[in-house]
Amino acid sequence: MKSQPIIQLQGLTKTYDLGEIQVHALRGVNLDIEAGSYVAIMGASGSGKSTLLNILGCLDRPTSGRYWLGGDDVSTLEDDALSIIRGQRLGFIFQSYNLIDQLTVVENIHVPLFYQGRDLEQCWDECVKFAELVGLGDRLDHRPKQLSGGQQQRVAIARSLVNNPLMILADEPTGNLDSQTGREVLEVLDRLNAAGKTIVLVTHGEEVATRAHRVVRMKDGFVDSDVLNRKTISTAATARPVAAAAR
Amino acid sequence: MKPLIPIALVRIVQLGVKSLLLHKMRSALTMLGIIFGVCSVIAMLAIGEGASHEAQEAIKKLGSSNVIIRSVKRTADNSSSGQGKRSFVAEYGLTYRDAARLQATIPGIRRVLPLRIMRDDVRFSSISHPCQVIGTHPLYPEINGVDLLAGRFLTETDERYQNNICAITLSLAESLFTGQNPLEQEVKIGANYFRVVGIVRERGTEQKRPQSGATEGQTIDANVYIPLSAARNRFGEVIFRRSAGSFEAEKVELHQLTLQFENPESVETAVPLIQRLLERFHERKDYELVVPLELLRQAERTKRIFNVVLGSIAAISLLVGGIGIMNIMLATVTERTREIGIRRALGAKKKDITTQFLVETIVLSVGGGLIGVAVGVITPLLVEQVAGMKTIITWWSVVVAFGISALVGVVFGLYPARRAADLDPIEALRHT
């Protein structure tokens, strides 16, 4: 029996109403993502990739269609409810790290827990554990400005893990990094996935995409192709391609 | 796990302080508006309160259950008296019969204290000192608030026998009798010798009495009190005055009558009666009525208006301070759009963002308020030292000023905080 996918998208559309013209960013996306998979979403700009990411990240609501995240339909939730979902079920990694400048490493890692009402003192050990996991156990008191780009991105990864999310959404995580540090960051993601974390990665880079078990390509608001990555397929036990949305 | 609200709030305040410390200069400048606002509220009210307190004390000293009637020389009187019998003597003022009539007819009167006041020099051995000679009754200290320092005051016996004795004020004693005991010494006033029997001190030396004409306003620290009967007999009722080539004489029986009533309530009913009585027996209005109770009420009304004016000025400065804060917070929100986006993505609700920015504004305004209170408490003390003005810091002015500063934080923080919370997280994240 197949396990219940943690993400199910059904006939997802998104239309931006710009007054005179309507922009159809998504025209009906169907996509299932199982727990523990490592999915890369690719596509040219204007393909609906960013819109899809925003909806997956519960930052935006679809115009129509359904989005089940961890068994709950989140496509029609109110703003506050979406905030709670983001805080509890999702981890974000951004291209430009997006750390908060006035906070230290450990405080930055703590932010998602702060909004769940947990005081830093209560969960200090947890936050430190994740800092150590990404190799920054000796920089707990540093501010983002005192760290290199790679280190900052690793703080962001630690932060995305701290709330034990169902899925980590990474938006071009290596876009601002040189290839060496980019590779290091990707290796961290590989290890996390190997440890069972579900990762959805949005990228332009083919090389980055090759690390994923499954590559979904977007085009004109549809899923253009959805293929398992041959190189990694043998290790991707739980990844399962889903038929792309019909043209 | 249920979040502990106080701890969460402490964290939010810590976060706010941390964010504000990131731009120390900016935060300090922003607070200045509130600091000056709060400071000016407290300082202005303290100075106003001090000034009106002094005025009220002076009035209270006159006694709220007293009515004071003074003889007044009208400038027009000279010409009118010239029409009839030509005389050098200006005759005006209250008479002994007035005193008797008032005492007999006005209900509620407890005592009537007549005063005769003359300006003269008092001499002891070779020292001469200008002074006020006050002919009065033994009741004087009780009604006018005079402390007896040594010896005794005038008595009924002195009054009856027109004794040539006197009580003098401390400052006069000091200038006349340097290093000697003034008691039982004889001083010369005009052509008569008076024996000093007591040393007194007037409470509140600034009080002014009607002086016969031009010499009005001199500090009346140098007083000689003699029995009224003695004053009448030794000095007569006509007072001559020579000044720079001119010569003046006036006939005044009594310079002042102090009516003491049973209680302040009977004052109010008595005042119209007194006026009617005096009007009947005085063709010209050569007297004035001073009702301390009315003056006190007036002073209180004035003070209230004064406070409203000061309060409005201070409120405007707080308003300006608040607008300054709002301006900076709006700039801060724009500057930190990205941070807002991050926090929203990581699970912050709109409410959390509102709280965060509101707390920052409140920290600014309350911090400014606290500094303002400190400066506002020090300023009146400095004013008291430097300008010699009396100031009174009322606890309510501190509370009100501080309260308003906190309120300013809430009111002017709400809009920027709302703007921050209403940002679209996606847009905010994209913001550079």
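Residues numbered from 1 in each chain as written. Chains lettered and ligands numbered in written order. Predicted model: local features only at pLDDT ≥ 70, side-chain atom pairs only at ≥ 80, totals over all residues.

(A) Layout of the packing of helix α2 (residues 24–62) of chain B against helix α10 (residues 292–335) of chain B. All names here are of chain B. At a closest axis distance of 9 Å, the pairing of α2 and α10 adopts a crossing angle of 180 degrees. Between α2 and α10, the angle falls in the class roughly antiparallel. Class assignment for the residues of the contact of α2 with α10 results in 19 nonpolar, 11 polar and three charged. (Axes fitted to C-alpha atoms, helices over the stretch in contact; angles between N-to-C directions. Helix = DSSP H or I, 4+ residues; strand = E, 2+ residues; numbered from the N terminus. Parallel < 35°, antiparallel > 145°, perpendicular 65-115°, else oblique. Nonpolar A, V, L, I, M, F, W, Y, C, P; charged D, E, K, R; others polar.)

(B) Inspection of the sheet that holds strand β3 (residues 38–43) of chain A at higher detail. Residues and elements named next belong to chain A. Strand order across the open sheet formed by six strands is β6-β7-β8-β3-β9-β10, with mixed pairing between neighbours. The sheet terminates laterally at β6 (90–93) and β10 (222–228), the two strands that pair on one side only. Between one strand and the next, the sheet's axes are offset by a mean angle of 20 degrees, whatever the strand orientation. Relative to the sheet, helix α1 (residues 49–56) contacts β3, β7 (167–171), β8 (199–202) and β9 (214–219), its axis offset from that of β3 by approximately 145 degrees. (Pairing = 2+ DSSP bridges. Contact = placed C-beta atoms within 7 Å.)

(C) Region of the structure containing the confidence of the model for chain B. All names here are of chain B. Per-residue confidence for chain B gives a mean pLDDT of 83; residues scoring 70 or more make up 90%. Here helix α3 (residues 77–83) stands out as the element of chain B with the lowest mean pLDDT, 46, in contrast to helix α11 (residues 337–345), whose mean of 94 is the highest. Throughout residues 79–86 the model reports pLDDT below 50, and contacts reaching past four residues in sequence, or to other chains, amount to two contacts. Ignoring residues within four places in sequence, the model shows residues 205–219, a span with pLDDT below 50, making 25 contacts including any to other chains. Across the interfaces of the predicted complex, the ipTM metric reaches 0.90, alongside a pTM of 0.71. (pLDDT = per-residue confidence, 0-100.)

(D) How the structure looks around the domain arrangement of chain B. Domain boundaries in chain B define domain 1 (10–57 + 299–430) and domain 2 (73–285). Taking the mean C-alpha position of each, domain 1 of chain B and domain 2 of chain B sit 57 Å from one another. (Domains from an automatic or database assignment.)

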